[in-house]
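Fold and geometry: a report
Letter by letter, the chains look like this.
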Amino acid sequence: MTRRSLLAFFGLLLAKPLTVLAAWNEQAFGAKTAADALKNIGASAAAPSKDIVIEAPQIAENGAVVPIEISSNIPGTTSIAVVIEKNPFPLAGKFDFKENALPFVKLNVKMGETSDVRVVAVAGGKQFVATREIKVTIGGCGG
Amino acid sequence: MAGPMKMRATTTGGTTEVRVLMTHPMTTAQSGQALHFIQNITVKQNGKAVVEAEISQAVSRNPVFSFRLKGGAKGDKIEVSWLDNKGETNKIETAVA
């Protein structure tokens, strides 16, 4: 093994974990409209579903911390994405569930103003969507 | 900047609930400060990834997440790690109670 190939080998070792860790969908998160964000996560044609449960306050007094609890009752759900229609960058998060994980997540998000919140679930390669409006009294995008 | 994390994992009635808190400013560009936010979160159960998340700056400061696992036994090791847009990272491990 030459010195050069050794260096290349270690270079690969160093580069590999970084590329794995940095899996972040820049296009989808950089999208400025909900439609673009949905397109970039491959969910433009999601079918409305009542089996996605969104628990959130009807009125959030503080837009800096809006609690949202999501669960999908669609069998075989492998992924849940949260899109806040009127935020400057609508896509707030995408959660992939494997092995024993249940399609459930509870998180706190910032909302700039009253907005529809869309939750997209992927099950068996198909996209489903549920929408819920959350009213915001004081916007929370300055945080 | 990688502040402390807290985590609790408990199993009841065939479901394990993991609740994790991360200390992080999660600053947006709208705030006039530098954009600084967690981008990736991984939850592992006994070394196997069970949840992989990508999040944006729209997640609130000092993020708190709950996740649920089917089954799970007392003593199972749960690890949660995060990576932010500046390459900072942190993780925490706990045993299911």
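Residues numbered from 1 in each chain as written. Chains lettered and ligands numbered in written order. Predicted model: local features only at pLDDT ≥ 70, side-chain atom pairs only at ≥ 80, totals over all residues. Heavy atoms only, no water.

**A look at the overall build of chain A**
Helix and strand counts for chain A stand at three helices and nine strands. Walking chain A from its N terminus toward its C terminus, one meets helices and strands in the order α-α-α-β-β-β-β-β-β-β-β-β. In chain A, which comprises 143 residues, the proportion classed as buried is 41%. (Helix = DSSP H or I, 4+ residues; strand = E, 2+ residues; numbered from the N terminus. Buried < 20%, exposed > 50% of the residue type's maximum accessible area, 1.4 Å probe, protein only.)

**Digging into the pairing of strand β6 (residues 77–84) of chain B**
Residue and element names in this part refer to chain B. Counting buried positions along β6 gives seven out of eight residues, so the element sits mostly inside the fold. Where strand β3 (residues 38–45) lies against β6, seven bridges are found, and the strand directions are antiparallel. Note that in β6 the partner of T42 across the bridge is S81. In the sheet, β6 pairs with strand β7 (residues 89–95) via seven bridges, with the strands oriented antiparallel. Residue E79 lies in a different strand from β7, and its bridge partner there is E93. The hairpin formed by β6 and β7 contains four residues between the paired strands, and G87 there has a positive phi angle of roughly 85°. (Pairing = 2+ DSSP bridges.)

**Some remarks on the nonpolar core**
Among the nonpolar cores identified, the biggest contains 67 residues, and I68 and F95 of chain A together with F65 and V80 of chain B are the most heavily contacted of them. What F65 of chain B contacts, discounting residues up to four positions off in sequence, is F95, V105, K106 and L107 of chain A together with V18, R19, V20, M22, I41, I55 and V59 of chain B. (Core = buried A, V, L, I, M, F, W, Y, C linked by side-chain atoms within 4.5 Å. Contact = heavy atoms within 4.5 Å.)

**With respect to the packing of aromatic side chains**
For the structure on display, the rule yields five aromatic pairs over all chains. A ring pair is formed by F65 of chain B and F67 of chain B, whose centres lie 5.8 Å apart and whose planes are at 10°; its orientation type is stacked. When its relative accessible area of 0% is taken as the criterion, F65 of chain B is described as buried. Classification of F67 of chain B by relative accessible area gives buried; the value is 1%. Taken together, the ring pairs in this structure connect W24 and F29 of chain A together with F37 of chain B into an aromatic cluster. Lying across the ring of F104 of chain A, R68 of chain B places its NZ or CZ 3.8 Å from the centre. (Phe/Tyr/Trp six-rings, centres within 6.5 Å; stacked < 30°, edge-to-face > 60°. Lys NZ or Arg CZ within 6 Å of the ring centre and 35° of its normal.)

**Focus on the interface of chain B and chain A**
The interface of chain B with chain A comprises 33 residues on the first partner and 35 residues on the second. Between chain B and chain A the total buried area reaches about 2800 Å² when both faces are included, carbon and sulfur atoms providing 53% of it. Taken together, the links from chain B to chain A amount to two salt bridges. Taking the shortest distance from any N to any O, the salt bridge between E52 of chain B and K98 of chain A comes out at 2.5 Å. Elements that contribute at least two residues to the side of chain B that touches chain A include exactly β2 (15–22), β3, β4 (48–55) and β5 (64–70) of chain B. (Buried area = accessible area lost by both parts, 1.4 Å probe. Salt bridge = Lys/Arg side-chain N within 4 Å of Asp/Glu carboxyl O.)

**Let's talk about the confidence of the model for chain B**
The predicted model of chain B has a mean per-residue pLDDT of 95, with 98% of residues at 70 or higher. Note on the complex model: pTM 0.89, ipTM 0.96. (pLDDT = per-residue confidence, 0-100.)

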